[in-house]
Amino acid sequence: MVSFFYSHLSAGAGGWSPLISDKYQWLEVDLGERTKITAVATQGRYGSSDWLTSYLLMFSDTGHNWKQYRQEDSIGSFPGNSNADSVVQYKLQQPAIARFLRLIPLDWNPSGRIGLRLETYGCPYTSDVVSLNGGSSSLVYRLSPGPWRTSKEVVSLKFKTLRNSGILLHAEGQQGVSLSLELERGKLQLLNQIIHLMKHPSSKTSPEPLRLASLGSLLDDQHWHHVVLEQKNAHLNLTVDKNTERVHLGAIHSLRSQKPDTSSKDLHGCIENLLYNGFNLIELAKNSDHQVTVRGNVTFSCAEPVSVALTFTGPQSFLQLPGTTASSPGGVSVGFQFRTWNKGGLLFTFSLPQQEGMVWLYLSDARLRLMIHISGLWPALFSGAALNDGQWHSVDFTARRGRLTISVDKGEGGCPAEEHSEECRNLFETFQGCMRLLTVENQPVDLIKVQQRLLGNYSQLQIDMCGIIDRCSPSHCEHGGRCSQSWTVFHCNCSDTGYSGATCHSSVYEQSCEAYKHNGNTSGHFYIDVDGSGPIKPQLVYCNMTEETTWMVLLHNNTELTRVRPSPAVSQHSVHFDYSTQEEQLLAAISQSEHCEQELSYHCRKSRLLNTLEGSPFSWWLGGPGQGRVQTYWGGAHPGSQQCACGLQGDCVDLQHYCNCDADRLEWTEDSGLLTHKDTLPVRSLVLGDIQRPGSEAAYRVGPLRCHGDKNFWNAAFFDKETSYLHFPTFHGELSADISFLFKTTGSSGVFLENLGIKDFIRIELSSSTQVVFSFDVGNGPLEVRVESSVPLNDNRWHRVRAERNVKEASLRLDELPVATQEAPTDGHFHLQLNSQLFIGGTASRQKGFRGCIRSLQLNGVTLDLEERAKITPGVQPGCPGHCSSYGSLCQNHGRCVERASGFQCDCSLSAYAGVFCQTEVSASFKPGTSVSYTFKEPYELSRNRSALPSSIYSEMTLRAENISLSFRTNQSPALLLYVSSYYREYLAVLISKHDKLEVRYKLDSSRDAEVLRSSVRNVANGQLHTVTIKRLTDSVSVQIDENAREDFNLTSDGEFNAVKSLVLGRVHESDDLDPDLAKLASLGFTGCLSVVHFNTISPLKAALRHSDTSPVIITGPLVQSNCGSAASTNPYAAENTPHLSGKKGGASFANQIKTKMSLCVLRACVCVCVLLMGAAVCELHYGLIKFVHLVGATNDNVLDNIIN
């Protein structure tokens, strides 16, 4: 290490102190030659009150075109001293290579002046440099003939240029394949081109090159940029400065045979230390090595043109120059180049003294506009477009002989002086950007004299440097977000990415079907993002929430039963399955699920499957990650067993074999079952072997992949003491971090999470019973984001917290409250550097701990396994019961929430509805002969003469109140909707009269006529869905139809409905006790739809449709479950593909009857029944994707054709 010092530290009196202490002073050091500078140290002026508290560092090779040194690519200032004597040393994170160093004071001791002693540390720097000046100047390197043993090739170099285009490297390999490194609009492009040779060697076709990678930005700044191109096998890494992009080369061959490029995009600039696999090509060229050929104008030094730029940093920046006026004989001419990211800003202005006017040249909507004011507004001159692209653009303005001309990038525009336009009106914005090559009256302006205050005046300018920064290179927008920028900030457009936030970091989708369910969703297609903010993209899946278990269904390209059609001379039939999701999505979904399964079935006739345990299998399948591994077991058996389900259960058709198909019989049989071992899922391909023999026939089916159970969603821990906590490895979220979890507590405060660094930290806590705080420090001082809730958070219910911190902002969201945000400093530290353990539920000091439950804790999409860590941690218990307090409201229509170890379940037994949340209406289409009779509790003793039984026998069936609700849809009038009978010849009837009005008839005294309660609502038999609610309490009755006003009635009877016998929907077969007119109506039956029928605590229609085996119901006639009770139903009487129930008390389902028959049959007569069952199952599993053909009298030979076709 060599130390270079100026006004040596601690050397006694002395130091640098300018006469004027302001921000326009600087200290410049010439190190004599380019040096690798590794550190700087500062000290105040000896024996004084003069010292710097902060400063900037600039570096340059030539004493011009300075470049500011930045920490972490953002922080520009360095901390200085707190007194005149102490030494503050700062080691540069990345060494700077330069000859000149310039220190610019920013702040100093307010009680003193600028004062400084400076010391720099570094090492000598040597390099080989070549200057290329276009005109086909190049170095050509050819490898020596003979075998080349290395599998890794590396090219590295540094370059600098003032031009934004040019080719740095061109290499041609074998078979016409070439790679190029080309500078285009200040970005480095890696291009691949394949040259196709025609029949004649001189004839070639050169298609457009393929861009493999694009890195860097603003590389035409005349500063050194480091490039490394590394190829290893089929991968190639391109590094520009500190950013790397990885490319898969595929068919691209080695870079060995290199030839010169003949493109016209020659590089004008310098290249330093050009190395190929460790060989210094510039040194070889200087030594005239035969492998390197020098072509064109090449010199072995870097001749740099002097170009002095200006940087306008903000609203206070301006430059004022003396110049001629428009009235001078030659008129006025001004020229310059500029670059900016902003769409608007004032570029220059000058006065017209004789005309008492002004001229403004400005940017508006990224176009150049000129406006002149002379006793009013002249029209605007327009020129250029999209001038805020960060590229240099040249501007030339002239005003001569009454004509104005302005050109941008050599494109001219103008307007005559006499035209007027209102478009000229505009409010000017501040220009922020760079200018160079400034000329007035065709004479260059000496900006160094401006800097020395010898010419003109200026303020808040950075002279002799262009301080433009590309905030989109590298882009901080994640997941494909599109980056745009202004001079000071960048913006991410997250449209169509599936992510949100300032940097498109957080997924807008849930991570599983389980999570969607607990948001109150029902079955349907959903996007799930299995790793949240991680790299795996969202995937579209079907979530089946019709059962207690929530299934995620992943389809592939062929889930139908497919007949094997053998090809001649092909001994095996192979089929591959392509899934609707990408590989990493598929494997992550399987890993996250608690259980996965996939149906695998083989239908065979004289086609063997697995042979014997000892023999080689005829057929097999591949399953698991990638292309899958060979599996020789079948659905329902265990991996490696080479058996089918019947072999495991011991019920194969031939007990000498372990698969039904291996019996090799002429009759159709099958081997089917579920594959449930996640390591072997999904099924990737299927190979079927025994299909070529005469008489062999077969069909296969691989069902969709179905998974349930989210291992992450319910992963929870209970912290029963404020001093208890869990600890995990350090959280790494340097540039972007998102944290999400659910909590519930009865405490008013506590720390959920904390991770510390030396100075940095991150913490989320419950600061009060209504406030959550997200706080952190990345080196700019602590920042806090707070969310206040209007309701207490210590209500022992689950609350969701989502926090995110990135280089642009921090945000915090609590439940569904609005997001709170805190912007990060534009030029500040942004790396979060932590080094301690991550504490959950407490802190390292064991103070302010959290007492309660934390669940589903995820950091950057990765779930922390709280339960496993809690099992070995005192004071913390795995799991957390009590979910109904939070999710019980999801159970609708009198559904009851039931606690489970992981989650909850809606018990719909007391509801007329069904479904996962008791939200699905249970409806049926009725025909005239349909009848559903529900029998209430019968008496203890039955007698032939029921009228002689004492009333005490029926005491439990005496009603003093009813609560009845149902929905109906019909065009029939009159019609009987509901009838309730009694052992005492009393009844209740709900009907539609011949006038299309609803009537409720009560006969609560057998000696009196029925009392008729008529609703005033008209036209209820109009084919529309109507909902009726009837409530009685003794003699008071209320009736409400749809949203109409409630109607109240009073009965004259005693209000007791004695000895209730049965409830009938549809046709009433026992009508002896009815009045004649009602009996006639009851015999007609009901044609239409009944839905969600509820009588007190029973649901007779649901009992008949869903629980006919265990409920006291008698069904006669056709009863077809339907969705006709849905308000959105367009075909109200169309039945769904569900079994019919008829003619049997307790109603064993048709499906069960068929299964019973199946177990007894192997002959032709039963084949049709088997097909019907299989077809129904296929239709249900594929959600209607497969058309089901109803077969009647099919024979054994054509059954399979009918199934498939």
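Everything quoted here is computed from the prediction, not taken from an experiment.

What counts as what
Residues numbered from 1 in each chain as written. Predicted model: local features only at pLDDT ≥ 70, side-chain atom pairs only at ≥ 80, totals over all residues. Heavy atoms only, no water. Helix = DSSP H or I, 4+ residues; strand = E, 2+ residues; numbered from the N terminus. Buried < 20%, exposed > 50% of the residue type's maximum accessible area, 1.4 Å probe, protein only. Contact = heavy atoms within 4.5 Å. Pairing = 2+ DSSP bridges. Axes fitted to C-alpha atoms, helices over the stretch in contact; angles between N-to-C directions. Disulfide = S-S within 2.5 Å. Phe/Tyr/Trp six-rings, centres within 6.5 Å; stacked < 30°, edge-to-face > 60°. Polar contact = N/O pair within 3.5 Å; in protein donor to acceptor, adjacent residues only side chain to side chain. Salt bridge = Lys/Arg side-chain N within 4 Å of Asp/Glu carboxyl O. UniProt positions renumbered as here; feature names shortened; annotations may be inferred. Core = buried A, V, L, I, M, F, W, Y, C linked by side-chain atoms within 4.5 Å. Domains from an automatic or database assignment.

(A) Region of the structure containing the overall build of the protein. From N to C terminus, the protein includes 12 helices and 84 strands. Within the span of the protein, comprising 1205 residues, buried residues form 51% of the whole. For the protein, restricting intrachain contacts to residue pairs at least 6 apart in sequence, the fraction spanning at least 24 positions comes to 68%.

(B) Structural context of the sheet that holds strand β59 (residues 771-777). Strands sit in the order β55-β64-β57-β58-β59-β60 across an open sheet of 6 strands; the sheet is antiparallel. Whereas interior strands pair on both sides, the edge strands pair on one side only; in this sheet they are β55 (726-728) and β60 (783-788). Direction aside, the axes of adjacent strands within the sheet are offset by 15 degrees on average. Relative to β59, strand β58 (residues 761-768) is paired through 7 bridges, and the arrangement is antiparallel. Along β59, the bridge assignment pairs I764 with F774.

(C) Here's a closer look at the state of the cysteines. Tallied over the entire structure, the rule returns 15 disulfides. What pairs with C434 in a disulfide is C466, and their sulfur atoms sit 2.1 Å apart. Taking the sign of the S-S torsion, about 90 degrees here, the bridge from C434 to C466 comes out right-handed. Of the two residues, C434 sits in strand β34 (residues 433-440) while C466 sits in the loop between β37 (461-463) and β38 (482-485), which places them 32 residues apart along the sequence. A relative accessible area of 0% means that C434 is categorised as buried. C477 shares a disulfide with C492; S-S distance 2.0 Å.

(D) Spotlight on the packing of aromatic side chains. Taken as a whole and judged by the stated rule, the model has 33 aromatic pairs. On the basis of an interplanar angle of 75 degrees and a centroid distance of 6.5 Å, the ring pair of F577 and Y700 is categorised as edge-to-face. Here the residue F577 occupies a position in the loop between β46 (573-576) and α4 (583-592), and Y700 occupies one in strand β52 (residues 697-702), the gap between them amounting to 123 residues. The same class applies to F577 as to Y700, namely buried. Pairwise contacts between aromatic rings join F312, F336, F338, F348, F350, F397 and F431 into one cluster.

(E) Representation of the side chain of N860 within the structure. Examined against the element boundaries, N860 turns out to sit in the loop between β65 (852-859) and β66 (862-863). Reaching out from N860, the side chain makes a polar contact with the side chain of H505 at a distance of 3.3 Å. Reaching out from N860, the side chain makes a polar contact with the backbone oxygen of S736 at a distance of 3.4 Å. Apart from residues lying up to four places away in sequence, N860 is in contact with H505, D531, S533, G534, F731, H732, G733, S736, A737 and D738.

(F) Region of interest: α4. Residues Q585, L586, A588, A589, I590 and Q592 constitute the buried set of α4. Here the buried face of α4 lies against β43 (539-544), β44 (551-554), β47 (593-605), β51 (683-688) and β53 (705-710).

(G) Looking closely at the pairing of strand β69 (residues 903-907). Where strand β68 (residues 896-900) and β69 come together, 5 bridges link them in antiparallel fashion. Its bridge partner lying in β69, R896 is registered against D907. The antiparallel hairpin formed by β68 and β69 contains 2 residues in its connecting segment.

(H) Summary view of the pattern of salt bridges. Scanning all chains against the criterion turns up 35 salt bridges. Linking R706 and E597 is a salt bridge whose minimum nitrogen-to-oxygen distance equals 3.3 Å. Residue R706 is found in strand β53, and its partner E597 is found in strand β47; the two are separated by 109 residues along the sequence. The residues R706 and E597 share a single accessibility class, namely buried. As a salt-bridge pair, K1003 and D1075 come within 3.6 Å of each other at their nearest N and O atoms. Remark: D1075 occurs in the loop between β80 (1060-1066) and α8 (1076-1084) and K1003 occurs in strand β75 (residues 998-1003); sequence separation between them is 72 residues. Members of the salt-bridge network, linked through shared partners, are R34, D61, K160, E272 and E304.

(I) Fine view of the pairing of β46. Residue alternation in β46 divides its side chains into a buried set, H573 and V575, and an unburied set, S574 and H576. Across 4 bridges, the pairing between β46 and β51 is antiparallel. Each residue of the ladder has a partner; that of H576, found in β51, is S685.

(J) Region of interest: the UniProt feature "domain: EGF-like" (unreviewed entry) in the protein. Taking the UniProt record as the reference, the feature "domain: EGF-like" (unreviewed entry) is found at residues 468-505 and 881-919. Secondary structure content for residues 881-919 is 10% helix and 26% strand, while the C-alpha to C-alpha distance between its ends is 25 Å.

(K) Up close: the environment of S993. Its place among the elements puts S993 in the loop between β74 (987-992) and β75. Since its relative accessible area comes to 7%, S993 is described here as buried. It is 9.6 Å that separates the C-alpha atoms of S993 and Q972, two residues lying 21 residues apart in sequence. Beyond its immediate sequence surroundings of up to four residues, S993 is in contact with S973, P974 and E999.

(L) Looking closely at the sheet that holds strand β72 (residues 961-969). A sheet is described by the order of its strands in space; here 7 strands give the open sequence β79-β78-β77-β72-β81-β70-β83, paired in antiparallel fashion. The sheet is open, and its two edges are formed by β79 (1047-1050) and β83 (1119-1122), each paired on a single side. The mean inter-strand angle of the sheet, taken between neighbouring strand axes irrespective of direction, is 25 degrees. Bridge count between strand β70 (residues 923-926) and β83: 4 bridges; the pairing is antiparallel. Note on β83: the bridge partner recorded for A924 is Q1121.

(M) Representation of the nonpolar core within the structure. In this structure, Y602, W634, L686 and F904 are the most contacted members of the largest nonpolar core, which totals 64 residues. Inspection of this core shows a minimum of three residues originating in each of domain 4 (550-708) and domain 5 (716-881). Among residues more than four places away in sequence, those in contact with W634 are L600, S601, Y602, L609, L610, W621, Q643, C644, D671, L675 and L686. Judged by nonpolar contacts, the second largest core, of 49 residues, contains F936, A1021, L1065 and I1115.

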